[in-house]
Amino acid sequence: MSAAPVRVRFAPSPTGFLHVGGARTALFNWLYARKHGGTFILRVEDTDDARNTQEAVQVIYDGLKWLGLDWDEGPLVGGEFGPYFQSQRNAIYERYLGQLRDAGHLYDDAGATRFRSLRQTVRVEDAVCGSIDFDLSDPATHPDMTIRRPDGSWIFHFVNVVDDIEMKISHVIRGEDHLSNSPKHVELYQALGVKPPVFAHIPLILKKDGKGKMSKRDEGSSVASYMVDGYAPEAVRNYLCLLGWSPKDNREKIEIADVIPLFDLDKINRGNAAFDLEKCAWLSGEYFREMTNERHRELARPALERAGIDLSAFPPAYVDAALDTCKGKVRLLKDLPAYAGFYFTDDFTYDPQAAAKHFTAESKPRLEAARDALAALEPFDALAIEAALKALTAQFRIKIAMLLHPLRLATTGSSAGPSLYHLLEVLGKEKILARVERALSHI
RNA sequence: GACCCUAUCGUCCAGUGGCCUAGGACAACGGCCUUUCAAGCCGUGAACACGGGUUCGAAUCCCGUUAGGGUCGCCA
């Protein structure tokens with residue numbers, strides 16, 4: 001066994017879209033590197049420069065960063081094997097092309113450069129799928145691959161292999177859709193006189209019904225969609241770990257630090273997996289519930305800002321306290337503005353169904369009594385509020401729910417929300433009294 | 001069509017010859033708890049694709065069938 005250092009890479013093409021399957025490929029590479037103290041490299045395969053834009057590259061950075069997948073070499077961080085954009089590696093490709101040409105592996109075909117297959121049986125050693133033999137003897141089914149177009153631009157197979165050689169990649173961990181490409185790549189390694197890396201083809205992510213691989217049009221196929229919907233990033237990363245891998249002990253929620261030592265290539269499943277957004281959302285809820293208040297605020301603030309709520313108009317301590325009462329109450333942050341909006345505007349409407357039910361003649365005197373009790377209350381905290389409201393139930397001889405429902409509706413406009421006692425404490429006396437007054441006028 | 005991969009509840013995962021009358025999770029359904037909504041707790045239904053072998057014994061090993069997925073580009 002050689003002690004060659006583990007060097008893996010994620011090599012996306014900047015299309016302006018980071019596929020969730022690509023993200024998982026990046027994750028598995030990252031896990032493997034972290035487990036072995038290796039190097040995780042980001043390489044941008046922008047051979048088709050018509051599509052290559054700064055925004056498209058940014059999408060990749062943003063998605064990886066959001067998932068917490070930091071790269072050790074690549075754009076933004078540098079490294080000794082750069083540049084990390086294929087569009088900037090032309091001289092290197094020319095050099096390797098010359099090597100192949102000198103060895104007689106190439107021929108011209110209408111201006112394009114093609115690699116003459118050795119017409120052999122190629123064995124691909126795959127850490128996930130095992131050894132697979134491919135018979136390349138029939139040109140009809142395995143035509144010679146083109147490696148350079150007439151316009152001088154490069155084809156994926158060639159530059160991908162050259163870069164993996166140049167960057168000393170030890171393990172090529174990629175989607176199973178590349179499995180059939182591997183024998184071609186192995187032939188290139190042979191022609192270049194380089195020992196191929198270890199391959200590991202990981203199963204594909206299928207759409208929810210399992211019919212075909214998840215594609216751009218499918219819900220949840222883009223990492224950006226999870227960012228927009230407000231999933232907990234650690235939950236999406238956790239869910240991705242569980243697609244094709246498992247800790248073997250029935251754990252579902254598992255910290256990434258606990259995944260690293262357990263992860264290994266030969267533990268990866270061979271079968272494709274359908275993506276279950278529902279379970280991913282459930283995990284998101286679990287993470288929100290258990291994360292620290294600070295982490296939750298950090299994620300929640302931008303979600304509210306994006307919905308047009310200007311948090312800077314409120315005292316930071318108020319915003320923090322308000323967000324803390326909402327932590328773990330929604331699974332996705334996109335639902336937070338509707339859930340917590342009442343904290344940040346007095347101009348809300350009453351849920352019509354709830355109003356019909358709770359803004360009644362009976363509730364009017366109760367609301368008035370609650371208003372008076374709260375007005376006189378000192379100190380004004382959740383505990384005291386609870387005690388004061390409970391005292392009222394004896395007076396009216398009702399279950400406390402009969403008092404809390406109308407009060408919640410009056411102060412938040414909704415029949416669902418954070419703990420009423422806590423929300424009232426955060427809202428404060430002044431707002432509460434004004435809101436109850438407004439509600440009374442509607443009854 | 002050719003080649004390659006795969007095959008356990010609707011979905012994800014556990015199970016690597018006996019501990020399996022197959023376990024967990026999401027989802028579904030029922031109940032409890034409860035200041036709303038969630039959450040939590042308890043419970044129910046739900047699977048080894050099929051056919052042959054091998055073996056004292058198979059979800060686990062072999063072969064075939066079927067089904068699903070992938071690849072067959074001057075896309076990556």
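The notes below deal with the structure included here. Values in this document were obtained by computation on a predicted structure and should not be read as measured data. (Residues numbered from 1 in each chain as written. Chains lettered and ligands numbered in written order. Predicted model: local features only at pLDDT ≥ 70, side-chain atom pairs only at ≥ 80, totals over all residues. Heavy atoms only, no water.)

Here we take up the sheet that holds strand 4 (residues 112–115). The three strands lie next to each other as 3-4-7, forming an open sheet whose pairing is antiparallel. Whereas interior strands pair on both sides, the edge strands pair on one side only; in this sheet they are strand 3 (106–109) and strand 7 (145–148). Going across the sheet, the axis of each strand differs from the next one's by a mean of 45°, ignoring polarity. Relative to strand 7, strand 4 runs antiparallel, the two sharing three bridges. (Pairing = 2+ DSSP bridges. Helix = DSSP H or I, 4+ residues; strand = E, 2+ residues; numbered from the N terminus. Axes fitted to C-alpha atoms, helices over the stretch in contact; angles between N-to-C directions.)

As for its position among the elements, glutamine 86 is in the loop between helix 2 (54–66) and helix 3 (90–102). Its relative accessible area of 3% is what places glutamine 86 among the buried residues. The sequence separation of glutamine 86 and asparagine 181 amounts to 95 residues, and the corresponding C-alpha distance is 19 Å. The residues contacting glutamine 86, other than those within four sequence positions of it, are Arg43, Val44, Glu45, Asp46, Thr47, Tyr93, Val159, Asn160 and Asp163. (Buried < 20%, exposed > 50% of the residue type's maximum accessible area, 1.4 Å probe, protein only. Contact = heavy atoms within 4.5 Å.)

Counting residues in hydrophobic clusters, the biggest one holds 145 residues, and the most contacted among them are Leu31, Phe158, Phe275, Tyr343 and Leu389. Excluding its chain neighbours within four sequence positions, the residues that come into contact with phenylalanine 158 are Tyr93, Tyr96, Leu97, Leu100, Ile147 and Leu188. (Core = buried A, V, L, I, M, F, W, Y, C linked by side-chain atoms within 4.5 Å.)

Throughout the structure, instances matching the rule amount to 35 salt bridges. A salt bridge links aspartate 163 to arginine 43, with the shortest nitrogen-to-oxygen separation between them at 3.6 Å. Placement of the pair is aspartate 163 in helix 4 (residues 156–166) and arginine 43 in the loop between strand 2 (39–42) and helix 2, with a sequence separation of 120 residues. Here aspartate 163 matches arginine 43 in class, with each residue buried. Here lysine 253 and glutamate 255 are joined by a salt bridge, their closest N and O atoms 3.6 Å apart. Its relative accessible area of 23% is what places lysine 253 among the partly exposed residues. Of the residues examined, glutamate 255 reaches a relative accessible area of 42% and is grouped as partly exposed. (Salt bridge = Lys/Arg side-chain N within 4 Å of Asp/Glu carboxyl O.)

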